[in-house]
Every structure is written in C-alpha cells, then in structure tokens.
Amino acid sequence: CWDLISNMEQTRAIIIHESPNEAEELVNSLRNSGQHVRSVYCDSEESFSDAMSGNSVDIVLARPNIPSVDIKFVIDTIEQSGDDVPVVVLADSRDNVAVVEHLKAGAVDVVSVEDLEHLQFAMNRELSNLQERRFKSLLELEVEEVQKRCLLLLGSSREPISYIMDGMHIYANESYIEIFGFDDEEEMEGVPIMDVIASDDQSKFKDFFKSYQKGENKTASFTCHGQGNKEEPFDVHFMFSSAEYDG
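Residues numbered from 1 in each chain as written. Predicted model: local features only at pLDDT ≥ 70, side-chain atom pairs only at ≥ 80, totals over all residues. Heavy atoms only, no water.

K.L.:
Which residues make up the overall build of the chain, and what values go with them?
P.N.:
When helices and strands are counted, the chain shows eight helices and nine strands. Taken across its 247 residues, the chain has 35% of its residues classed as buried. At a minimum sequence separation of 6, the contacts of the chain that also span at least 24 residues come to 55%. (Helix = DSSP H or I, 4+ residues; strand = E, 2+ residues; numbered from the N terminus. Buried < 20%, exposed > 50% of the residue type's maximum accessible area, 1.4 Å probe, protein only. Contact = heavy atoms within 4.5 Å.)

K.L.:
I'd like to hear about the environment of Asn 96, residue by residue, with values.
P.N.:
Mapped onto the fold, Asn 96 is located in helix H4 (residues 96-105). Under the relative-accessibility criterion, Asn 96 is labelled exposed at 57%.

K.L.:
Give a detailed account of the packing of helix H2 (residues 45-54) against helix H3 (residues 71-81), specifying residues and quantitative values.
P.N.:
Axis separation between H2 and H3 bottoms out at 11 Å; the angle between their running directions is 25 degrees. One way to sum up the angle between H2 and H3 is to call them roughly parallel. In this structure, H2 crosses over H3, and the sense of that crossing is right-handed. Contact with H2, carried on its side by Glu 45, Phe 48, Ser 49 and Met 52, involves Phe 73, Val 74, Thr 77, Ile 78 and Ser 81 of H3 and no other residues of that element. Across the contact of H2 with H3, the residue classes break down as five nonpolar, three polar and one charged. (Axes fitted to C-alpha atoms, helices over the stretch in contact; angles between N-to-C directions. Parallel < 35°, antiparallel > 145°, perpendicular 65-115°, else oblique. Left-handed = near helix turned anticlockwise from the far one by under 90°. Nonpolar A, V, L, I, M, F, W, Y, C, P; charged D, E, K, R; others polar.)

K.L.:
Hey, could you go over the pattern of salt bridges for me, with residue numbers and the actual values?
P.N.:
Taken as a whole and assessed by the stated rule, the structure comprises 12 salt bridges. Asp 84 serves as the salt-bridge partner of Arg 133, at 2.5 Å between the closest nitrogen and oxygen. Here Asp 84 lies in the loop between H3 and strand S4 (87-91) and Arg 133 lies in helix H5 (residues 116-156), a separation of 49 residues in the sequence. By relative accessible area, Asp 84 is classed as partly exposed at 34%. A salt bridge links Arg 125 to Asp 109, with the nearest nitrogen and oxygen atoms 3.1 Å apart. Here Arg 125, found in helix H5, pairs with Asp 109, found in strand S5 (residues 109-112); they are 16 residues apart in sequence, far enough to count as distant. Taken together, the salt bridges that share partners define one network made up of Arg 12, Asp 58 and Arg 134. (Salt bridge = Lys/Arg side-chain N within 4 Å of Asp/Glu carboxyl O.)

K.L.:
Help me get a handle on the nonpolar core, residues and values and all.
P.N.:
Judged by nonpolar contacts, the single largest core of 22 residues is most densely connected at Ile 14, Ile 16, Phe 48, Met 52, Val 60, Val 74 and Ile 78. When residues of this core are traced back to their parent elements, those giving at least two are strand S1 (11-16), H2, strand S3 (59-62), H3 and S4. Counting residues per element, this core draws most heavily on H3, at four residues. Here Met 52 is in contact with Ile 14, Val 57, Ile 78, Ser 81, Asp 83 and Val 85, once residues within four sequence places are set aside. Listed in part, the 19 residues of the second largest apolar core include Phe 180, Ile 193, Phe 205 and Phe 240. (Core = buried A, V, L, I, M, F, W, Y, C linked by side-chain atoms within 4.5 Å.)

K.L.:
Give me the lowdown on the pairing of S3, citing residues and values where you can.
P.N.:
What you see with S3 is no split at all: Ile 59 and Leu 61 on one side and Val 60 and Ala 62 on the other are buried throughout. By the bridge criterion, four bridges tie S1 to S3 in an arrangement that is parallel. Counted as the bridge partner of Ile 15 is Leu 61 from S3. Across three bridges, the pairing between S3 and S4 is parallel. (Pairing = 2+ DSSP bridges.)

Dropping the structure here:
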C-alpha cells in the first residue's frame, strides 16, 4: 500500500494497458518529462479491483479497447468505492463519437496515447483539481470538529445560550431550556422566541426584535418578563449578537 503524500509530489497512478512493456514506456516517458509517477499495472478487471482496494490512488490512465477491462467498469468501480479518482482515457485516435461516450461515462479527458504533452497537461490539471478537492475536504472536517467542540462548550456552559433564526429557536443549551421550563432540546427546537416572552411584554419585545434584526438598535440587550412553560412570569435579560450556526 502506498504512503499518503499530502503534497502530491509523487503521483500514484493505475495504468490499464494491453501491453506491460508499453505501459512501462509510458511511465518512463512521464518520469523523464518531470512527472514523479509511481504506478501499478493492470490488464484485467480483477487486477484493477485489487489495485483500487489495496492502494491510495491519485489518477487512472486507461486504454479503452482492452477486451478484459471495460472503461465503464473502471469508472463504476471508482464511484462505488467512494474514492475521488479521475480517469484519463488513452485513445488511439480522436474519434469524436468515442470521446463523447467516454466523457459521458465519467472520464475527465480523452487524449491520444501518442500525445505526451496533452497527457501531461491533462494530468497536471486533474491532479491540481484533486489536490484542491482533498484540501477542501480536510478543511470541512476541521470545521466540523470545531463546530462539535463549540456545541460541547455551549452545552456545558452555565450561561443560558440559544440560537435564533427567523424568530425560531434552532438550538438551546440545557441552562436556557431549564429557565423557560422545557424538558429537552427537542421540545425547545422550533419554538418561536415570542413564546418564551410573557404576554404583557410581547408587543414591546416584538418591536425591539424587529429593530434589532434591521440593525436599527443601538443596544443588543432587552429586559422583560419571560415565561415559556413556567407558571409565573420572571425577570429575564436577553443579550443578542450575530452568529453563524450549522447544526
């Protein structure tokens, strides 16, 4: 199994070819032109499946007319694996009908097997795009982890905290839920903020909240009587601030 190379200085390629010698010549030509290629040779659907399951792969270079390996099988196998691996078809000629068929099937490009310059361009483009997608995925995972940690901190805070969107509660921590007499977060979710304000103060709060949402208020705080599911109203002081929430 290949080691992961985060900066992709070395390209991990699967070469699907009818001739191991010609496949090796292709790899050598790519290396001589500056591509750092580490390759696995495949000449059957079984060997391709084994290569995909046993290695981390950056790109697949595939000849289209090998009886033992169908291009559609290659693309379907990659899709079913969930891996992000571009497929470049190495054709004998630029048959426009065949090119369109390969692109429709999911290949990212079709190049002449004799056109090394075009192949290099296609590989550099797709590897650059692949690196950007992988980097984006890593960032999304990091953001997700940060969000989880934030929710843990919010959940454990003694300060009552909630997120309001379009006037509705979309998140509330345990302290906030208890203050207004709700049983749990599920019961609190979707409750309009007006429903936790005592009826005598709802009109004043509505005016304040509307002005706050328009950015017209000089202050982001409001003192009134809250109630929610409690039997009696009680004093409550709200402090508002803008935030992004992705729960």
